[in-house]
Amino acid sequence: MNKQAVLFEDDFFEDEIQRCFFENIKLSGFSYEEVDIGDITFKAGQEESIHRWYRLTPSYSPELVRFFLKEFKLKENDVVFDPFSGRGTTAIECQKKGIECISFEINPLLQAVGEKSLRWSNDYDFSLFNKYITECRGLVKKHHNQTPDEVAASFRTTIPIIHDVYRWWRPSVLRDLIIFRSVLYFESYRNIQDLLWVAINKAALDCANIHRNHPTITFDDDHGREIYVDYEIENNLTAIRNDLIRYCGPRRETSKIICCDSVNIDAGFLGDLQIDAAITSPPYPNRFSYVHQTRPQLHFMELLSDRGAATEIDLKAIGGTWGRATSILQKELIIPDEELKQHLCYYDELSRKSILMCNYATKYFSDMRLHIRGIRPYLKQGFRGAYVVGNSRLSGIEIFTEVILGKIFESEGFSVQKIVSFRKRGGRKRLYETAVVVSR
Ligand SMILES: C[S@@+](CC[C@H](N)C(=O)[O-])C[C@H]1O[C@@H](n2cnc3c(N)ncnc32)[C@H](O)[C@@H]1O
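For clarity, every value in this text was computed on a predicted model and none was experimentally measured.

Visitor: Is there a simple way to think about the overall build of the protein in this case?
Guide: In terms of helices and strands, the protein carries 20 helices and 11 strands. The proportion of buried residues among the 440 residues of the protein is 44%.

Below, the structure is given as structure tokens:
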């Protein structure tokens, strides 16, 4: 499965960017390994139990987590850390194997999805699923002449406070979604509430007027699709039941996901925990905003108190790039300290081209350095970590994330064991996904 790349032979390179990528790794002195474990994207997870309950396109595959669990020889009683949990791929995979995992996630929607995906209670009453669907169908029929606002008032709730709400959901779709969401909180469904939440959360996006299977959310205003909220939710519940039948039981719930900030690690969350390994993937410096991309569900599942709350989370998130997070970076050039600057090989050229992009990248790497510093007190001797990242291009300048991150790890007292490259993405604009494998 593993193949050592035939690095640096002249006829090896397919294009200039590929040549730069390898040249840069060669210059860094880090050892390099190429690994083929199949599709490492979110798509592979959509075929697997539990993982398929939520689709986060920047997720990595469960196979990637299994690869590092094996590589690091992790077993029960070891503690794995995922400071950038996303939809919870690492936590789910660890729990399937009975390995303890603690994960952090700053986005409350993703934290909730992940945490609810880990409740493998033995006590679920799956017969309530049918009762719930039947009751909701009855209420949909009863309220079919009402507007979403009227229905929301009947159930003492509100319609989502997202801008241009009917561009996101047709009124009839939103009305039905609100009914399903309201019934979820009825006392009679308390036993299955978390599972209903997961099913509705997935349906809220699948029933929206957006292009599906795109990495970023864009409106699909004239799609003309027939949307049946009840069938979407029923199908989601069937998948959830089928998956849980396999996993519910006496096995321990070994993973947990906490909503907190991995840049400023709060000692209260890790306590005296000692971590054996990290398997994680921070955001890439590619201007993808997780908060922006999850905003319809953040709003629909009522996780934000007001519209401004989303921007506030994005400001704290690594690589956040939405609204104020961008305007703040436009002001004046950030001058990093010498220790950091020596690793930022893009800095001089990019600062001449675009202050915004240069600041964006510099903030990204200084946040990552703070994170790396913050975890040091919690690592067991012999700790190993895999940080999966991608390179990117800002204003036409290559950002070799893996090498810069590796250098920062070294400055903070870690050893870089190797850079593992998984696969190549894209056509002409080449992008690489790599894991920086470190130890301490
Ligand atoms: C590449 S995604 C992780 C995907 C994950 N490996 C999976 O399979 O779903 C990066 C995640 O880091 C989160 N994040 C960004 N800044 C953070 C911070 N300061 N603290 C904790 N999580 C953060 C983002 O919200 C996003 O979910």
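Visitor: So what exactly am I meant to see when it comes to the nonpolar core here?
Guide: General note: in soluble globular proteins, nonpolar side chains tend to be found buried as a group. Formed by 119 residues in total, the largest nonpolar core has its most connected members in Val80, Leu177, Ala199, Ala361 and Val436. When residues in this core are grouped by element, the largest group, nine residues, is from helix H19 (residues 355–375). Here this core spans two domains, and each of domain 1 (2–120 + 252–439) and domain 2 (127–247) adds at least three residues to it. Once residues lying within four places of it in the same chain are set aside, the contact partners of Val80 are Leu74, Thr90, Cys94, Ile99, Glu100, Cys101, Asp276, Ala277 and Ile279.

Visitor: What is the right way to read helix H5 (residues 108–116) from this model?
Guide: In an α-helix, one full turn covers 3.6 residues, which means residues spaced three or four apart are oriented alike. Across the nine residues of H5, seven count as buried, placing the element largely inside the fold. Burial in H5 covers these residues: Leu109, Leu110, Gln111, Ala112, Val113, Gly114 and Glu115. The inward-facing, buried residues of H5 contact helix H4 (89–96), strand S4 (100–105), helix H10 (193–206), strand S5 (255–259) and helix H14 (295–300).

Visitor: I keep staring at the site of the ligand and nothing clicks. Help me out?
Guide: With respect to spatial proximity, 23 residues lie near the ligand, and among them Ser59, Phe84, Gly86, Thr89 and Ser262 are the closest. In terms of residue class, the shell around the ligand is built from 13 nonpolar, six polar and four charged.

Visitor: Explain the domain arrangement of the protein to me, please; I cannot follow it from the model alone.
Guide: One frequently used descriptor of interface size is the decrease in accessible area upon assembly of the parts. Taken domain by domain, the protein holds domain 1 (2–120 + 252–439) and domain 2 (127–247). Each of domain 1 and domain 2 was reduced to a C-alpha centroid, and the two centroids are 31 Å apart. Counting from both sides, the interface comprises 20 residues of domain 1 and, opposite them, 22 residues of domain 2. Mapped by element, the contributors of at least two residues to the side of domain 1 that touches domain 2 are H5 and H14. A per-class count over the side of domain 1 that touches domain 2 returns eight nonpolar, six polar and six charged.

Visitor: Could you clarify how one ought to interpret the confidence of the model for the protein in this entry?
Guide: Averaged over all residues, the pLDDT of the protein equals 92, while 95% of them reach at least 70. Considering only residues more than four positions removed or in separate chains, one finds that residues 1–6, a stretch of pLDDT under 50, has 11 contacts.

Visitor: Can you help me understand the packing of H10 against helix H11 (residues 229–247) in this one?
Guide: Between H10 and H11, the shortest axis-to-axis distance is 9 Å and the interhelical angle comes to 135°. The orientation of H10 relative to H11 falls into the category oblique. Between H10 and H11 lies a crossing of right-handed hand. For the pair formed by H10 and H11, the contact residues are Leu195, Val198, Ala199, Ile200, Lys202, Ala203 and Asp206 on the first element and Val229, Glu232, Ile233, Asn236, Leu237 and Ile240 on the second. Of the residues assigned to the contact of H10 with H11, the class counts are nine nonpolar, one polar and three charged.

Visitor: Would you mind going over unusual backbone geometry with me for this structure?
Guide: A negative phi holds for most residues other than glycine; trans holds for most peptide bonds. The phi torsion at Lys73 lies on the positive side, around 55°, for a residue other than glycine. Its location among the elements puts Lys73 in the loop between helix H3 (62–71) and strand S3 (79–82). The exposure class assigned to Lys73 is exposed, which follows from the 10 C-beta atoms found within 10 Å. Phi at Arg287 takes a positive value of approximately 65°, unusual for a residue other than glycine. Here Arg287 lies in the loop between strand S6 (275–280) and helix H13 (290–293). Residue Arg287 is classed as partly exposed on the basis of its C-beta count, with 18 C-beta atoms lying within 10 Å.

Visitor: Looking at this structure, I do not really get the pairing of S3. What am I missing?
Guide: On a regular strand, one side chain projects to one face of the sheet and the next to the other, so that they alternate. Side chains of S3 alternate between two faces, with Val79 and Phe81 and Val80 and Asp82 buried alike. Strand direction decides the pairing type here: S3 and S4, joined by four bridges, are parallel. Paired with Val79 across the two strands is Glu100, which belongs to S4. Once the chain exits S3 it traverses H4 before rejoining the sheet at S4, and the crossover so formed is right-handed. Two elements, S3 and S6, share two bridges in a ladder whose sense is parallel. Counted as the bridge partner of Phe81 is Ala278 from S6.

Visitor: Explain the pairing of strand S7 (residues 379–390) here, please?
Guide: Here five bridges tie S6 to S7, and the two strands are oriented parallel to one another. Bridge pairing in S7 links Ile279 to Ala386. Both S7 and strand S11 (residues 431–439) contribute to a ladder of seven bridges, which runs antiparallel. Note that in S11 the partner of Gly385 across the bridge is Val438.

Visitor: Can you help me understand the environment of Asn122 in this one?
Guide: Considering the arrangement of structural elements, one finds Asn122 in the loop between H5 and helix H6 (127–142). As for Asn122 and Glu105, which are separated by 17 residues in sequence, their C-alpha atoms are 26 Å apart.

Visitor: Would you explain helix H9 (residues 171–184) in this entry?
Guide: A rise of 1.5 Å per residue sets the reference length of H9, with its 14 residues, at 20 Å; its end C-alpha atoms lie 20 Å apart and thus fit the reference within 8%. With 10 of 14 residues buried, H9 lies mostly within the body of the structure. Taken together, the buried positions of H9 are Val173, Leu174, Arg175, Asp176, Leu177, Ile178, Ile179, Phe180, Arg181 and Leu184. Residues of H9 that are buried sit in contact with H6, helix H7 (148–154), H10, H11 and H14.

Visitor: I would appreciate a short explanation of the environment of Gly38 in the present structure.
Guide: For Gly38, the position within the fold is in the loop between strand S2 (32–35) and helix H2 (42–45). We classify Gly38 as exposed; it has 12 C-beta atoms within 10 Å. Separated by 26 residues in sequence, Gly38 and Leu64 have C-alpha atoms that sit 9.1 Å apart.

Visitor: What should I look at first to understand the environment of Ser415 in this one?
Guide: Note that Ser415 resides in strand S10 (residues 415–425). Overall, Ser415 belongs to the exposed group, with 12 C-beta atoms counted inside 10 Å. Residue contacts for Ser415: discarding those within four places in its chain leaves Val438 and Ser439.

What counts, and where the lines are drawn
Residues numbered from 1 in each chain as written. Predicted model: local features only at pLDDT ≥ 70, side-chain atom pairs only at ≥ 80, totals over all residues. Helix = DSSP H or I, 4+ residues; strand = E, 2+ residues; numbered from the N terminus. Buried ≥ 20, exposed ≤ 12 C-beta atoms within 10 Å, placed from the backbone. Core = buried A, V, L, I, M, F, W, Y, C linked by C-beta atoms within 7 Å. Domains from an automatic or database assignment. Contact = placed C-beta atoms within 7 Å. Near = placed C-beta within 6 Å. Nonpolar A, V, L, I, M, F, W, Y, C, P; charged D, E, K, R; others polar. pLDDT = per-residue confidence, 0-100. Axes fitted to C-alpha atoms, helices over the stretch in contact; angles between N-to-C directions. Parallel < 35°, antiparallel > 145°, perpendicular 65-115°, else oblique. Left-handed = near helix turned anticlockwise from the far one by under 90°. Pairing = 2+ DSSP bridges. Right-handed = clockwise from strand over helix to strand, strands pointing away. Expected span 1.5 Å × (residues − 1).

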